[in-house]
Amino acid sequence: AADWGNILMQIWMIRLLRHWNYGKKNVIDKCMRNCYLSRNYKGVDGAGNKAKTDIEQIMESNGFVNVGLRQTRYTNSILAFLATLAGVLKLPFSLRKGDRLVVQYPLKKYFTLVCQLAHCKGAKVVVVIHDLGSFRRKKLTVAQEIHRLGHADYIIAHNSRMKQWLLDNGCKVPLGVLEIFDYLSETTASSHLVPSQPYGVVYAGALNPRKNTFLYEVGNYVHSYKFNLYGNGFDLEKAQGKEHFNCKGFVRSDELIATAEGDFGLVWDGFSVDACTGNFGEYLKYNNPHKTSLYIRCELPVIIWDQAALSDFVRSNGIGICISSLAELDTILSSLTPAQYAKMKQNTVEISKRLSQGYYITKALSEVAF
């Protein structure tokens, strides 16, 4: 019944706009506006919502107009649903012909409707991808995802590898790339150029075994460094080489930026120390993990799988180490000189400044071309 209600609402709204359209069907607003649609976010502790609210804040600071309702953060499911729905219903009455509307994807059941409403108003739709449902969660088939994204007029993919995946799978929409997610925070890192001995490697996030099985085996390969784990769900007693782990518990991101203890941030997922495997691990070949941006804001050079999409960014900007296996990390860190670390650290500080200013999404949006 809920699906039929949604379909009927879409048909009604589109017909209304086609026949009414404010009585200005042939009038073109000479002043094109950059717009976005805010919605409800159930808190911003999760990486996805943090990235989306940051982008909204950056767009607002750059003069973008919110054509929905004000941003809300209701945790109650009914209030959250109603707040987002109300914003979507307001959209066609706020957009003008010639506007450029930025939509953050996915937008659950509303994405197609929002695109159709925008097109009925004569606006163009720019999509910023946060997650692809056809990867980890298998919410959509690849064909369904490409079809859905086809409603956009321009798409900003995470990186060049995700862009190529979209092209290879039949996407016909013009594509740009973000490079990396920005990360806003008033907190500043406690910078230190001299690394600790032994090196400390930070790993932050949800530490459940389903996503981070490798943590229980990697201790067998650790001799010259230690892990500092930030998050909940890790069972230290089941880990190999448990003496190499310091469990710090959950720390909010702003606090982590100021207090992170370590010299590197690790980007790794899956079951194996030899490669990033499973749905989460394979996704690293195409996505931009938000924790990478958090590490950089902590001014921690990054250790990342050399097949991960973001390894290109890490390598080209000199902000970390790309490895094929965690088994080789001990040897690499043992041979790292203080001068080499200091250079990586300096480069990381510079990229951190960019992330704090919204440099990458601002650049990507400035390059939109239909």
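For the structure, check the block above.
A few points on the structure. For every chain, the first residue of the written sequence is number 1, and numbering continues from 1 onward in sequence order. Only residues with pLDDT of at least 70 are given local features in this predicted model, and only at 80 or more are side-chain atom pairs given and counted; all residues enter the totals for whole chains, interfaces and linings. The side-chain values count all of the structure's non-hydrogen atoms but skip hydrogen atoms and water molecules.

Turning our eyes to something else, we now look at the overall build of the protein. Here a helix means four or more residues in a row that DSSP labels H or I, a strand means two or more in a row labelled E, and each is numbered from the N terminus. Per the secondary structure count, the protein includes 14 helices and 12 strands. The buried label goes to any residue with under 20% of its type's maximum accessible area, the exposed label to any with over 50%, and the partly exposed label to all in between, with areas taken from a 1.4 Å probe on protein chains only. A buried classification covers 52% of the 370 residues belonging to the protein. Note on areas: these come from Shrake-Rupley sampling with a 1.4 Å probe, and a residue is covered only by the protein chains present in the view. Entry remark: accessible area of the protein is about 16900 Å², with carbon and sulfur atoms responsible for 53%.

With that settled, consider a nonpolar patch on the surface. A grouping of I78, F81 and L82 is seen on the molecular surface, where their side chains present a nonpolar patch of about 300 Å² in accessible area. For I78, the position within the fold is in helix α3 (residues 77-94). Residue I78 is classed as exposed on the basis of its relative accessible area, which comes to 59%. The patches described consist of residues with a relative accessible area above 30% and no salt bridge, like charges being joined within 9 Å and nonpolar side chains (Val, Leu, Ile, Met, Phe, Trp, Tyr) within 5 Å. Only one rule defines a salt bridge in this text: a Lys or Arg side-chain nitrogen within 4 Å of an Asp or Glu carboxyl oxygen.

Time to look at helix α6 (residues 160-168). Buried within α6 we find M162, W165 and L166. Seen end-on, α6 carries its buried residues on one side only, within an arc spanning 100°. Polar contacts, as counted here, are pairs of nitrogen or oxygen atoms within 3.5 Å of one another; within protein the pair requires one atom able to donate a hydrogen and one able to accept it, and residues that are adjacent in sequence qualify only if both atoms are side-chain atoms. Sitting at the head of α6, N159 places a side-chain oxygen 3.1 Å from the backbone nitrogen of R161. G170 occupies a position one or two residues after α6 and carries a positive phi of about 100°. Within this analysis, the arc is defined by the directions that extend from the helix axis to the C-beta atoms.

Considered for burial, the residues of helix α5 (residues 142-149) that qualify are E145, I146 and L149. End-on view of α5: buried residues confined to an arc of 95°, all on one side of the axis. Seen from the open side of α5, the exposed residues pointing more than 90 degrees away from its buried face are A143 and H147. Elements in contact with the buried residues of α5: β3 (100-105), α4 (111-120), β4 (124-129), β5 (154-157) and α6. When checking whether two residues touch, look at their non-hydrogen atoms; a contact exists if any pair is within 4.5 Å.

An order of β2-β1-β3-β4-β5-β6 is seen for the 6 strands of this open sheet, with the pairing classed as parallel. Looking at which strands have only one partner, the edges of the open sheet turn out to be β2 (65-66) and β6 (175-177). Whether two strands pair comes down to DSSP finding at least two bridges between them. With 3 bridges connecting them, β5 and β6 associate as parallel partners. Paired with I155 across the strands is L175, a residue of β6.

A few words on the packing of α3 against α4. Only C-alpha atoms enter the line fits that serve as axes; for helices the fit covers just the stretch in contact. Angles between N-to-C directions range over 0 to 180 degrees. Contact geometry of α3 with α4 gives a least axis separation of 9 Å together with a crossing angle of 15°. Relative to α4, the element α3 is oriented roughly parallel. Considering only the axes of α3 and α4, their crossing is right-handed. Within the contact between the two elements, α3 uses V88, L91 and P92 and α4 uses L113, V114 and L117. Classes in brief: Ala, Val, Leu, Ile, Met, Phe, Trp, Tyr, Cys and Pro nonpolar; Asp, Glu, Lys and Arg charged; the others, Gly included, polar. Of the residues in the contact of α3 with α4, the class split is 6 nonpolar, no polar and no charged. For classification purposes, an angle smaller than 35 degrees is called roughly parallel, one larger than 145 roughly antiparallel, one from 65 to 115 roughly perpendicular, and anything else oblique. Should the near helix be turned anticlockwise from the far one by less than a right angle, the crossing is left-handed, and should it be turned clockwise, the crossing is right-handed.

Turning our attention to the pattern of salt bridges. Counting across every chain of the model gives 12 salt bridges. One salt bridge connects D99 with R33, and the closest N-O pair in it is separated by 2.7 Å. Taken as a pair, D99 in the loop between α3 and β3 and R33 in the loop between α1 (2-19) and β1 (34-36) lie far apart in primary sequence, 66 residues in all. On the accessibility criterion, R33 (14% relative accessible area) is buried. We note a salt bridge from K50 to D54, for which the minimum N-O separation is 3.0 Å. With K50 and D54 both in helix α2 (residues 47-61), this residue pair falls 4 residues apart, about one helical turn. The same class applies to K50 as to D54, namely buried.

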